[in-house]
Amino acid sequence: MTDTSEMAAKPAVNGSDRRRHNSVLLDLYRTMRRIRSFEERVGELFVRGQTAGSMLHLSIGEEAAAAGVCSTMEPRDTFTTHHRGHGIFLARGADPKRMMAEIAGKMDGYCHGKGGSMHIADMQLGHLGANAIVGGGIAAVVGAGLSSKRKRRGSVSVAFFGDGAMQQGILYESMNMAALWDLPVVFVCVNNQYGMGTRVDQATRAPNFHERALVLGLNGRTVDGLDVEAVRDEASTIVDAARGGHPGFLAVSCYRFFGHARMDKSPYRSEEEEIEGRKKDPVKFARERLLAERLAKAKMLDVLDEAIGKEMDETIDFAVSAALPPATSMFRDVYAVGEPEPEPVRARIDRVLARE
Ligand SMILES: Cc1ncc(C[n+]2csc(CCOP(=O)(O)OP(=O)(O)O)c2C)c(N)n1
C-alpha cells in the first residue's frame, strides 16, 4: 500500500534555515502533486462512468490555494469548502481512498456514499461541509468562529469559496459579523477567473476583492496563486491575526485549467487563452524553484512523483472495487440521532405493490 502523505522531505543542503525552507517547499510541492494526481484520477473515474451523480469539479490549477492556506492551519481548526473542494480536503489530511470512494458513492466513503463529490464532510478533520450552493458554506464559519471564541478553543474557521460567491450577499453578512464580533474566522476566495462560463470581469466592476473586506474592517490581501510559498506567507499572516481575534480575507488568483465541470468544454474561452492560462501552473512552478534553488534533485522529485502516481492508482482501484451502500442504510445518518428511521422507499413500494 503506498502512502505518500508522510514521505520524508530530505534536506539537500546544509544550514538550518535552508533546511527548513527546503522541507517546507518540498512539503507544499508534495501536497500539490498529490492533489493534481488525485484530480486526474477523479477525471478518469468520471470517464469510466464510476462517479456518483453527473457533476464533478476539478481543482487542477488551484493547488497552491489549497496547499498554501491549509499549511498554515492547525489540526483543531475547522473549514468549509465550495463545490470544488477535493484539493482543500486532501491538503487538510483527508485519506484519498475514502475521498475517492465518496466521489464514487461507495460505502467506504467519508459520508458512506451519501455526500458525493460536492457534499463531503468529516467532523474529525474539521471539515464542516462542502456545499454545492454558491456561497452556501460561508456563514457556517461565523458560527464555528463564535463557538471557538466563546469556548476559548483557540481554533480558527476558514471558508473556501470561488469568485462567483463574491457576488453573493451571504458573504458580506458573514464578513460583517465576523469583523463586528472579532471572530477567529478567515474567508478565502479561490479566484479561478470564471463562475461557470462567466469571466470575472463580466460579473463585477470591482474585481479587487480584498478591498471589499478592508471596507468591512477585516484584514484583506490578494496573492498570486502561481507561487505556493507566497500564498503560504500571506495566509500565515492572515490566519495568525484571525486566531488573535482579527478576521481576514485572502483572494488567491489562479486559472481554472479545465471546464467548469467535466462535461464543459469551455466554448466561451479561446484555445490561446487556455494555453496562456495553463502556463500559470503552481505545481510546475514549485518544482522549478526546488531545482533552481538546489533544494531538491530532479531524480528525487521523479521518485516522489512516481510514488504519488502509484498511490493514486491504488486509490482509484480501491474506489472502483468498494461496495455500494446497502439500501437499508438509506436513511442512516440523515435524521437526528434517536429519531425513528422512515421506511426505505423500496420497502414502501414493495408493500404498496403487494397490496394491489
Ligand atoms: C446560489 C447558486 N446560484 C447558482 C448556482 C449554479 N452554479 C453552480 S457552480 C456556479 C459557478 C460558481 O463559480 P465560482 O464560485 O467562481 O466557483 P468555481 O466553480 O469557479 O470554482 C454556479 C453559478 C448555484 N449552485 N448556487
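Residue numbers run consecutively from 1 along every chain, following the written order of its sequence. pLDDT decides what is reported in this predicted model: residues at 70 or higher carry local features, side-chain atom pairs at 80 or more are listed and counted, and totals for whole chains, interfaces and linings draw on all residues regardless. With hydrogens and water set aside, each side-chain value is computed from the structure's full complement of heavy atoms.

What to know about the overall build of the protein
Filter applied, for reference: By the criteria applied, helices consist of DSSP H or I runs no shorter than four residues and strands consist of E runs no shorter than two, each listed in order from the N terminus. Each residue gets one of three labels from its accessible area relative to the maximum for its type: buried under 20%, exposed over 50%, partly exposed in between, using a 1.4 Å probe on protein chains only. Every residue pair with non-hydrogen atoms within 4.5 Å of one another is taken to be in contact. Note on areas: these come from Shrake-Rupley sampling with a 1.4 Å probe, and a residue is covered only by the protein chains present in the view. Positive residues here are Lys and Arg, negative ones are Asp and Glu, while His and the chain termini are left out of the count. Charge coordinates come from a single atom per side chain, which is NZ of Lys, CZ of Arg, CG of Asp or CD of Glu.
When its secondary structure is counted, the protein shows 12 helices and 8 strands. Seen through its principal axes, the protein has C-alpha atoms that stretch 80 × 50 × 45 Å. A burial count over the protein gives 49% of its 356 residues as buried. Look at the contacts in the protein between residues 6 or more apart in sequence, and 72% of them connect residues 24 or more apart. Of the roughly 16,900 Å² of accessible surface on the protein, a fraction of 54% belongs to carbon and sulfur atoms. A distance of 2 Å separates the average location of the 47 positive side-chain charges in the protein from that of its 48 negative side-chain charges.

Things to note about the site of the ligand
To keep things clear, this is the line we draw: Neighbouring residues are identified by heavy atoms, a residue being near a molecule or strand if any of them is within 4 Å of it. N or O atoms within 3.5 Å of each other form a polar contact, as long as, within protein, one can give a hydrogen and the other can take it, and as long as residues adjacent in sequence are counted only when both atoms are side-chain atoms. Following the grouping adopted for this structure description, the nonpolar residues are Ala, Val, Leu, Ile, Met, Phe, Trp, Tyr, Cys and Pro, the charged ones are Asp, Glu, Lys and Arg, and the polar ones are all others, Gly among them.
Taken together, 16 residues sit near the ligand, with His83, Arg84, Ala132, Gly164 and Tyr194 positioned nearest. A distance of 2.9 Å separates a nitrogen atom of the ligand from a polar backbone atom of Ala132. In this structure, an oxygen atom belonging to the ligand sits 2.7 Å away from a main-chain N or O atom of Tyr194. When isolated, the ligand has an accessible area of 580 Å², and the protein chains bury 72% of it. In terms of residue class, the shell around the ligand is built from 6 nonpolar, 8 polar and 2 charged.

Focus on the pairing of strand 4 (residues 185–191)
Each regular strand shows side chains that alternate between the opposite faces of the sheet. Stated formally: By this definition, two strands are paired if DSSP reports at least two bridges between them. Orient the strands so they point away from the viewer; a crossover is then right-handed if the path from the first strand over the helix to the second runs clockwise.
Within strand 4, 7 of the 7 residues are buried, which leaves the element mostly enclosed by the surrounding structure. Here strand 3 (residues 157–162) pairs with strand 4 via 6 bridges, running parallel. Among the inter-strand pairings, Val158 is bridged to a residue of strand 4, identified as Val186. After leaving strand 3, the chain enters helix 6 (residues 169–180) and then returns to the sheet as strand 4, a path that is right-handed. When strand 4 meets strand 8 (residues 248–253), the two strands line up parallel, connected through 6 bridges. Note that in strand 8 the partner of Phe187 across the bridge is Phe249.

As for the packing of helix 2 (residues 63–70) against helix 8 (residues 228–243)
Under the convention used in this document: Between N-to-C directions, angles cover 0 to 180 degrees, with each direction set by a line fitted to C-alpha atoms, over the stretch in contact for helices. For classification, angles of less than 35 degrees are called roughly parallel, those exceeding 145 degrees roughly antiparallel, those between 65 and 115 degrees roughly perpendicular, and all remaining angles oblique. For any helix crossing, the convention is left-handed if the near helix is rotated counterclockwise from the far helix by under a right angle, and right-handed if that rotation is clockwise.
Where helix 2 meets helix 8, the axes come as close as 8 Å, and the angle between the chain directions of the two elements is 40°. Here helix 8 runs oblique to helix 2, going by the angle between their axes. The crossing of helix 2 and helix 8 is right-handed. Judged by residue contacts, Ala64, Ala65, Ala67, Gly68 and Val69 of helix 2 engage Val228, Val231, Arg232 and Ala235 from helix 8.

As for the sheet that holds strand 3
Judged by pairing direction, the sheet is parallel, and its 6 strands sit side by side in the order 2-1-3-4-8-7 without closing on themselves. Looking at which strands have only one partner, the edges of the open sheet turn out to be strand 2 (127–130) and strand 7 (219–224). Ignoring strand direction, the axes of neighbouring strands in this sheet form an average angle of 15°. Contacting strand 3, strand 4 and strand 8, helix 2 crosses the sheet at an angle of about 175° to strand 3.

Focus on the pairing of strand 7
Summarising the sheet, strand 7 and strand 8 pair through 6 bridges and their orientation is parallel. Bridging across to strand 8, Arg221 finds its partner in Leu250. Regarding topology, helix 8 serves as the crossover connection from strand 7 to the parallel strand 8, and that connection is right-handed.

Remarks on the state of the cysteines
Put plainly, two cysteines are in a disulfide when a covalent bond ties their sulfur atoms together. To be explicit about the condition: The disulfide definition used here is simple: a pair of cysteine sulfur atoms within 2.5 Å.
Considering all chains together, one arrives at 0 disulfides under this definition. Looking at the unpaired Cys111, the closest cysteine sulfur is the one in Cys70, lying at 17 Å. With a relative accessible area of 18%, Cys111 lands in the buried category.

Focus: the side chain of His83
Residue placement: His83 occurs in the loop between strand 1 (78–81) and helix 3 (86–91). Contacts of His83, omitting those with residues within four sequence positions, involve His57, Met118, Asn131, Ala132 and His260.

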